[in-house]
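Residue-level listing of the chains:
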Amino acid sequence: MPDSSFASLTTLRVGGAPAELIRCTTAADIAATVARLDAAGTPLLVVGGGSNLVVADGALDLTAVLVANEGIELIDDSTLRVAAGTTWDEVVAYAVAQGLGGIETLSGIPGSAGATPVQNVGAYGSEIADVLTRVRLYNRETGADEWAPADSLELAYRYSNLKFTNRAVVLEIELALERTELSIPLRHLGGERLPLAEARENILATRRAKGMVLDDADCDTWSAGSFFTNPVVPSALADEIEAKVGEAGMPRYAVGGTEEKLSAAWLIEHAGFPRGYPGEGAPARLSTKHTLALTNRGSATAADIVDLARDVQAGVEEQFGVRLVPEPVWIGF
Ligand SMILES: Cc1cc2nc3c(=O)[nH]c(=O)nc-3n(C[C@H](O)[C@H](O)[C@H](O)COP(=O)(O)OP(=O)(O)OC[C@H]3O[C@@H](n4cnc5c(N)ncnc54)[C@H](O)[C@@H]3O)c2cc1C
């Protein structure tokens, strides 16, 4: 029998077994399965690519519903309709091959298309909110299967009203792209625009160098991506932190009158947690390529990952008075 534990369903490769794993290959099947489990009061977890999940060790009292409906359809000159279970990076590759721009900067983000609205995935200055027009939802409160406009999801930085609420399951998404030869401006290249396919390759190479493209052979990618969101703090606290570190060039971005967004990776590094912390031999370590990714070196348990997360969180809070908030969804803790 195939292994149905979360260690094999998630990119962090930790976590115990669900009571049951149900793989659904059509939208109707997903909706009917979730409806049936909800009616029976059976706790469930909707799972896509498992790349933003931290699941506890041991037996879990929940049914995992694996979203595995696949398909990409060009429904007019530049609009894609994508089944939720489609691998996200295949959607990007398809768009680029069709000469459709708008998502090339989101190349290499692991997981499923249906999960992209859940935390409004983003990278290199763009996010799914820029192109998402509507989502087909199975509403778990009303039982309705209906298309909802993207703006009903309250998409914001690594957030939507689907994240943590479990109120609905994404069955399909629609993206309004643009016929173009050139990419959107690439922030990490000073706003330069490259031919679409070149932009995609550039993003993939840049992400690979940081361990941000899944690779079975590289434990630096056995992660949930960025483990903490970039914190927004009062400007006065940002001033204090910069003065305390005594180093010019702390990344800080205005997000309103009196608040600024800081870099979680910078804070972690400057709180005394270098890449690879706590060092060779530890089952869970910070990535050796990027401080913001907590990684499984091959034998980590969920408890090891959580201990490391708490260690880093406490260290940053003690040094700088900033409580980092985890980005992935935690289950069973
Ligand atoms: C190496 C690496 C790099 C990453 N880089 C980025 C990045 O650059 N930017 C970024 O934003 N994220 C990044 N991530 C995080 C992750 O890839 C995204 O959040 C992704 O969208 C998660 O998709 P998934 O299908 O794996 O979701 P899962 O991990 O399976 O699920 C995550 C959450 O979404 C819910 N969910 C999943 N599918 C659905 C659905 N169809 N309907 C309703 N709810 C659903 C789940 O219940 C769970 O709560 C990275 C992760 C890794 C491992």
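Residues numbered from 1 in each chain as written. Predicted model: local features only at pLDDT ≥ 70, side-chain atom pairs only at ≥ 80, totals over all residues. Heavy atoms only, no water.

Once that is clear, we can look at the sheet that holds strand S14 (residues 232-234). Read across the open sheet, the 3 strands follow the order S14-S16-S15; overall the sheet is antiparallel. Both edges of this open sheet fall to S14 and strand S15 (252-254), since each of them pairs with a single strand only. Taking each pair of neighbouring strands and ignoring which way they run, the sheet shows an average axis angle of 40°. As judged from the 3 bridges shared by S14 and strand S16 (residues 259-262), these two strands associate in the antiparallel manner. Looking across to S16, one finds that Val232 is bridged to Lys261. Contacts from helix H5 (residues 235-245) reach S14, S15 and S16 within the one sheet, and its direction differs from that of S14 by about 90°. (Pairing = 2+ DSSP bridges. Helix = DSSP H or I, 4+ residues; strand = E, 2+ residues; numbered from the N terminus. Axes fitted to C-alpha atoms, helices over the stretch in contact; angles between N-to-C directions. Contact = heavy atoms within 4.5 Å.)

Mapped onto this numbering, the UniProt entry annotates "active site" (unreviewed entry) at Arg158, Ser226 and Glu327. Across 170 residues of sequence, these annotated residues stay compact in space, with a maximum C-alpha separation of 10.7 Å. By relative accessible area, Arg158 is classed as buried at 14%. For Arg158, the contacting residues outside a window of four places in its chain are Gln119, Asn120, Val121, Gly122, Glu127, Lys163, Thr229 and Glu327. Engagement of the side chain of Arg158 in a polar contact is seen with the backbone oxygen of Asn120, the distance being 3.2 Å. With respect to the helices and strands, the residue Ser226 is situated in the loop between helix H4 (196-209) and S14. Take Ser226: its relative accessible area is 21%, and that puts it in the partly exposed class. (UniProt positions renumbered as here; feature names shortened; annotations may be inferred. Buried < 20%, exposed > 50% of the residue type's maximum accessible area, 1.4 Å probe, protein only. Polar contact = N/O pair within 3.5 Å; in protein donor to acceptor, adjacent residues only side chain to side chain.)

The UniProt record marks residues 14-180 with the feature "domain: FAD-binding PCMH-type" (unreviewed entry), using the residue numbering of this structure. Measuring from the first to the last C-alpha atom of residues 14-180 gives 41 Å, for a span that is 14% helix and 36% strand.

Further remarks concern the pairing of strand S10 (residues 132-139). Taken across its 8 residues, S10 has 6 buried, putting it largely inside the fold. Of the pairings in the sheet, the one linking S10 to strand S12 (residues 168-176) comprises 7 bridges and is antiparallel in character. The residue bridging Arg134 from the neighbouring strand is Glu174, located in S12. Sheet analysis places S10 next to strand S11 (residues 145-149), joined by 5 bridges and oriented antiparallel. Counted as the bridge partner of Arg136 is Trp147 from S11. Hairpin connection from S10 to S11: 5 residues lie between these consecutive antiparallel strands, with Gly143 at a positive phi of about 80°.

Let's shift gears to the sheet that holds S12. Strands sit in the order S5-S6-S12-S10-S11 across an open sheet of 5 strands; the sheet is antiparallel. Strands with a single pairing partner mark the edges of an open sheet, and in this sheet they are strand S5 (72-74) and S11. Neighbour-to-neighbour, the strand axes of this sheet turn through a mean angle of 25°, independent of strand direction. As paired elements, S5 and strand S6 (residues 79-83) share 3 bridges and run antiparallel to each other. Each bridged residue has a counterpart across the sheet, and for Ile72 the counterpart in S6 is Val82.

To continue, consider the site of the ligand. The full set close to the ligand counts 31 residues, and Val46, Gly49, Ser51, Ser112 and Gly122 are the nearest of them. At 3.0 Å, a backbone N or O of Pro110 approaches an oxygen atom of the ligand. Between the ligand and Gln119 there is a distance of 2.8 Å, counted from an oxygen atom to a side-chain nitrogen or oxygen. About the coverage of the ligand: the protein hides 95% of its 970 Å² of free accessible area. When contributions to the shell around the ligand are tallied by element, the ones reaching two or more residues are strand S2 (44-47), strand S8 (122-123) and S12. Of the residues belonging to the shell around the ligand, the class tally is 16 nonpolar, 13 polar and 2 charged. (Near = heavy atom within 4 Å. Areas by Shrake-Rupley, 256 points an atom, 1.4 Å probe, with all protein chains shown as cover. Nonpolar A, V, L, I, M, F, W, Y, C, P; charged D, E, K, R; others polar.)

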